[in-house]
Amino acid sequence: MRSPGETADRLVFAVDLGGTHLRAATIDANGQINFRIKEKTPATDDPQEIVSALIAAARVCDERSKAEGKAIGLTSVVVPGTVDVAAGRIITIPNIPCLDSFALAPALRNVLGGPVIVENDANAAAIGEMWQGAARTHRTIVCVTLGTGVGGGIILDGKLWRGVNDSAAEIGHMCVEPFGSVACGCGGRGCLEVYASATAIVRMAREGRPRHPSSSLNATEYLTAESVFIAGKGGDALAIEVFHRMGDYLGIGLANVINILNPEMIVIGGGVAAGWELFEQHMRHQVDEHAFPLPASKVKIVPAECGDDAGLLGAARLAFCQGDM
């Protein structure tokens, strides 16, 4: 790929690599997405197949950019896992285990050339929301992503907080139910993730069926968080109960975040955030109950604005800043 100069045509090849989909885009320094593609993430035990898919996507984006007289010189990939940022190496990635302990940045750099950044996707989402989304004009924020799991990103005074070994902000694994019997994928019990994720929404709906024999959610064996949300909007008592419970636990977790970090804003993103109207009141009630009044009076808790693009935008911003956020 060509190495662009410091011009308005300078683009980043940004990738959000998930367990199901590989989403890629070319993004300029103003946060404009010029071109995007979405493909299935290869189901494989061979990390080179993932690398090949990323390279193929990069070449498609590069050809499109060249046709428009633009150039890609920076690559940034975000993943749902723990990353050694300096080495560009993935440490663990539960949904794509073939990439555990894999040096992704060097593998891509050998073919694509130019700088390659690898970052955690929730960290990138926080940066994306601060750059182009709900947290514009704010400098100390927490982003909580409610998806298949629960992720977190922390930005303190404009600086991404990664922790001493790039593993900070595991908000989903904060214990909110110390005597809970529900096991988390991390090996612990009572984590926020088992009460506030899409997976949790489905589990709690299944568990509640015997108490709600007339619920529409009994009509199908295949449940999704989206179907529970739709039922809740339609007034289904079981679905509403599930989202209220989810909001309670989320609020307890956020109160802890507020007491520890005293942020200006907490941004709630991810697919489960679509149920905002069903869980917001219960979430805010628990924040009021458990957060200290002074930090609680400062913080704004708002839904994300960038949607599925938050991670891509954050990836691009990191590249333009050469990873220094």
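The present account deals with the structure reproduced in this document. Please read all numbers here as calculations on a predicted model, not as lab measurements.

### Quick notes on the side chain of R23
With respect to the helices and strands, R23 occurs in strand β2 (residues 21–28). Relative accessible area serves as the criterion here: at 14%, R23 is assigned to the buried category. Within the structure, the side chain of R23 is placed 2.7 Å from the backbone oxygen of D308, a separation counted as a polar contact. For R23, the side chain forms a polar contact with the side chain of D309, separated by 3.1 Å. Residue contacts for R23: discarding those within four places in its chain leaves A14, V15, D16, R36, I37, K38, D308, D309 and L312.

### Points about the sheet that holds strand β10 (residues 150–156)
The strand order β11-β10-β9-β12-β13 describes an open sheet built from five strands, whose pairing is mixed. Unpaired on one side and paired on the other, β11 (159–160) and β13 (300–303) mark the two borders of the sheet. For β10 and β11, the ladder comprises two bridges, and the chain directions are antiparallel. Pairing of L156 across the sheet is with K159, part of β11. Across the sheet, helix α3 (residues 121–132) lies against β9 (141–146), β10, β11 and β12 (265–269), angled at about 55° from β10, the strand it touches most. Across the sheet, helix α8 (residues 276–290) lies against β12 and β13, angled at about 165° from β13, the strand it touches most.

### Re the packing of aromatic side chains
Evaluated as defined, the whole model comprises three aromatic pairs. Ring centres of F229 and F243 lie 6.3 Å apart, and the angle between their planes is 70°; on these two criteria the pair is classed as edge-to-face. Taken together, the residues span a long stretch of sequence, with F229 in helix α6 (residues 225–233) and F243 in helix α7 (residues 237–261) at a distance of 14 residues. Aromatic pair W276 and F279: ring centres 5.6 Å apart, planes at 70°, arrangement edge-to-face. Note that W276 and F279 are positioned in helix α8 at a spacing of three residues, about one turn of the helix. Assessed through its relative accessible area of 13%, W276 is described here as buried. Assessed through its relative accessible area of 0%, F279 is described here as buried. Here the basic side chain of R203 rests over the ring of Y195, its NZ or CZ set 5.8 Å away from the ring centre.

### Some words on the state of the cysteines
In total, this model carries zero disulfides according to the counting rule given. C143 forms no disulfide, and the closest cysteine sulfur to it belongs to C306, at a distance of 9.0 Å. For C143, a relative accessible area of 2% corresponds to the buried category. Cysteine C186 is unpaired, with the sulfur of C191 as its nearest cysteine sulfur at 3.7 Å. On the accessibility criterion, C186 (45% relative accessible area) is partly exposed.

### Structural notes on the pattern of salt bridges
Tallied over the entire structure, the rule returns 13 salt bridges. Two residues, K66 and D62, come together in a salt bridge whose shortest N-O distance is 3.4 Å. Placement of the pair is K66 and D62 together in helix α1 (residues 47–67), with a separation of four residues, close to one helical turn. Residue classification places K66 among the partly exposed positions, given a relative accessible area of 36%. Residue E221 is joined to R209 by a salt bridge in which the shortest nitrogen-to-oxygen separation is 3.8 Å. Linking E221 in the loop between α5 (198–208) and α6 with R209 in the loop between α5 and α6, this pair joins segments that are 12 residues apart in sequence. Taking relative accessible area as the criterion, E221 reaches 58% and is therefore assigned exposed. Under the relative-accessibility criterion, R209 is labelled buried at 13%. It is possible to trace a salt-bridge network through shared partners that takes in R23, R36 and D309.

### As for the environment of F179
Within the fold, F179 resides in the loop between β11 and α4 (193–196). Residue classification places F179 among the exposed positions, given a relative accessible area of 78%. F179 sits 39 residues away from T140 along the chain, and the two C-alpha atoms are 32 Å apart.

What counts and what doesn't
Residues numbered from 1 in each chain as written. Predicted model: local features only at pLDDT ≥ 70, side-chain atom pairs only at ≥ 80, totals over all residues. Heavy atoms only, no water. Helix = DSSP H or I, 4+ residues; strand = E, 2+ residues; numbered from the N terminus. Buried < 20%, exposed > 50% of the residue type's maximum accessible area, 1.4 Å probe, protein only. Polar contact = N/O pair within 3.5 Å; in protein donor to acceptor, adjacent residues only side chain to side chain. Contact = heavy atoms within 4.5 Å. Pairing = 2+ DSSP bridges. Axes fitted to C-alpha atoms, helices over the stretch in contact; angles between N-to-C directions. Phe/Tyr/Trp six-rings, centres within 6.5 Å; stacked < 30°, edge-to-face > 60°. Lys NZ or Arg CZ within 6 Å of the ring centre and 35° of its normal. Disulfide = S-S within 2.5 Å. Salt bridge = Lys/Arg side-chain N within 4 Å of Asp/Glu carboxyl O.

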